[in-house]
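Here is what each chain is made of, one letter per residue.
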Amino acid sequence: MTEKEFRKLVTDLEMPRAFKDNVTNNVELIKEELSKSLIKATLIDVCKIGSLARSTMLSDEVNVDLMVTLEYESNKTFSLFNQLVINNITNTVAHLFDSIKKPSDIEYNQQLNYVSFNIDNIIYNIYVRYLNNNDEDIKFTDSKDIEKHVLFTELANRDYTYFRNTAVIIKYFRNEQKINISGHILEVLLYYSLNEYFKDNHYENYLNAFIRGIDDFLKQKPIKVSNDILKKMEVDLEIAPIFKGYTIVDPSNPSINLVSGITEIKLNEYRKLKKAISKVIDASAQDLSKEQVVLHIDPKLENNQYIWSYEIENSRYHTDGGSFAKTEENYITACLKALSKGLKTIVDNNLNKRQIKLVCKYNDLLSRSDLLSSENQSRRKTIIAYMEVNNITIAK
């Protein structure tokens, strides 16, 4: 896929404004009714969480995650109090929406403590959390951790412009392949990958970085984000233990390994996702390989000084710099400097899979031996070694 095709895919996957507005209205309705109907429970908030709140929800997804936050104020055991709250919420929401007509439209997940409602063919998962649950036998994901999931994505998108959009693309391929990996885990892995392998703001480069991140994970390299973003999230850095084996550390709570106890079957899901994304990138590379990259090396003469300069034809890639006294040897120096910079740009933008055509006063720049000082001979050897490592071929 080209950059243009990636951009179109992101646009196609964007959640329609009408859907967002409808969900927002329903959230306000639920919040208003719960504030009036909850018995002996103080309602703190009802808010959107999950991919909708993080703006990484796909247009064809039908699950909306909400969180009801309460205070636990009762002389009853927490388990009984929680059950009464769940019943209270179930009755309130069921009476609020006419589209909830039969028992199968409602489902309770005891392990994660949420109630699902089918409202106009959209599944609303309402998670119930408490600010002050001290029952060691019954622990759910902390409400503050869930809120920090949203903050993490927001901060990550500030650091990397295409972060959210790339997360959406990755989720699209995940769903297409029926892979079961949570969106939060994918976003943590993507942020780690960009920390390690970011090049520039191109979707293909973001996805290439993500693939390398999966490789690191499968090699059991710990996947954790930088301390900079954790500080912005006001996370306690001292609570992070040292995990063994496969590890993806939750930035919202570094004491949690998001893949603890992962099985070989689950690891295969990551391999499957890597294969699906690699296939798209490889197909794009094959299309690119049909075209030739034309690299112009043309030192400029300004104020009796040569300035190295390169430009890749029909692209936005061009730059110049440096200055060398006007001699023929320094002209060669400027050419080699420009060639080195231009080849690096070609590699950084995955253009080295194409055939390269060099346009220069000395088209035999890398093979000639005359007019080369010892410094330029060294530069030439370095360039040739770089080309070999990165499989660059210059057409003769």
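So, how was this worked out
- Residues numbered from 1 in each chain as written.
- Predicted model: local features only at pLDDT ≥ 70, side-chain atom pairs only at ≥ 80, totals over all residues.
- Heavy atoms only, no water.
- Helix = DSSP H or I, 4+ residues; strand = E, 2+ residues; numbered from the N terminus.
- Rg over C-alpha atoms; globule rule 2.2 N^0.38 Å.
- Buried < 20%, exposed > 50% of the residue type's maximum accessible area, 1.4 Å probe, protein only.
- Contact = heavy atoms within 4.5 Å.
- Areas by Shrake-Rupley, 256 points an atom, 1.4 Å probe, with all protein chains shown as cover.
- Expected span 1.5 Å × (residues − 1).
- Axes fitted to C-alpha atoms, helices over the stretch in contact; angles between N-to-C directions.
- Parallel < 35°, antiparallel > 145°, perpendicular 65-115°, else oblique.
- Nonpolar A, V, L, I, M, F, W, Y, C, P; charged D, E, K, R; others polar.
- Core = buried A, V, L, I, M, F, W, Y, C linked by side-chain atoms within 4.5 Å.
- Left-handed = near helix turned anticlockwise from the far one by under 90°.

A. Main features of the overall build of the chain. The helix and strand inventory of the chain stands at twelve helices and ten strands. Taking 396 residues into account, the globule formula puts the C-alpha radius of gyration at 21 Å, and the chain, at 28 Å, lies well above it. Each principal axis of the C-alpha atoms in the chain carries an extent, and together these give about 90 × 45 × 45 Å. Out of the 396 residues belonging to the chain, those deemed buried represent 47%. In the chain, once contacts between residues fewer than 6 apart in sequence are set aside, the share between residues at least 24 apart is 65%. Carbon and sulfur atoms make up 47% of the accessible area of the chain, which amounts to about 20,700 Å² in all.

B. View of helix α7 (residues 183-197). If you check α7, its first and last C-alpha atoms are 20 Å apart, about what 15 residues at 1.5 Å a residue would give, namely 21 Å. The buried fraction of α7 is high, at 13 of 15 residues.

C. Seen up close, the side chain of Glu187. Within the fold, Glu187 resides in helix α7. Other than its neighbours up to four places away in sequence, Glu187 contacts Arg54, Thr56, Phe152, Thr153, Phe163 and Ala167.

D. Layout of the packing of helix α1 (residues 3-13) against helix α6 (residues 163-176). Interhelical geometry of α1 versus α6 gives an angle of 80° and a closest axis separation of 10 Å. One element, α1, and the other, α6, form an angle in the roughly perpendicular class. Seen from α1, the contacting residues are Phe6, Leu9, Val10 and Leu13; seen from α6, they are Asn165, Val168, Ile169 and Tyr172. Considered class by class, the residues forming the contact of α1 with α6 number seven nonpolar, one polar and no charged.

E. Representation of the nonpolar core. The biggest cluster of nonpolar side chains holds 49 residues, and the ones touching the most others in it are Phe210, Tyr270, Leu273 and Ile277. Counting only elements with at least two residues in this core, the list comes to α1, α5 (143-159), α6, α7, α8 (203-218), α9 (227-232) and α10 (264-288). In terms of residue count, α7 provides more of this core than any other element does, nine residues in total. When near neighbours in sequence (up to four residues on either side) are disregarded, Leu273 contacts Ile170, Phe173, Arg174, Ile179, Ile181, Leu186 and Phe210. If you look at the next biggest cluster of nonpolar residues, it comprises 32 residues, including Leu34, Ala41, Val68 and Ile89.

F. How the structure looks around the packing of α6 against α8. Here α6 crosses α8 at 65°, and the two axes come no closer than 10 Å. With respect to α8, the element α6 is oriented roughly perpendicular. For the element pair α6 and α8, the recorded crossing hand is right-handed. Two secondary-structure elements touch here, α6 through Phe163, Asn165, Thr166, Ile169 and Ile170 and α8 through Tyr203, Tyr206, Leu207 and Phe210. Each residue belonging to the contact of α6 with α8 can be placed in one class, and the counts come to seven nonpolar, two polar and no charged.

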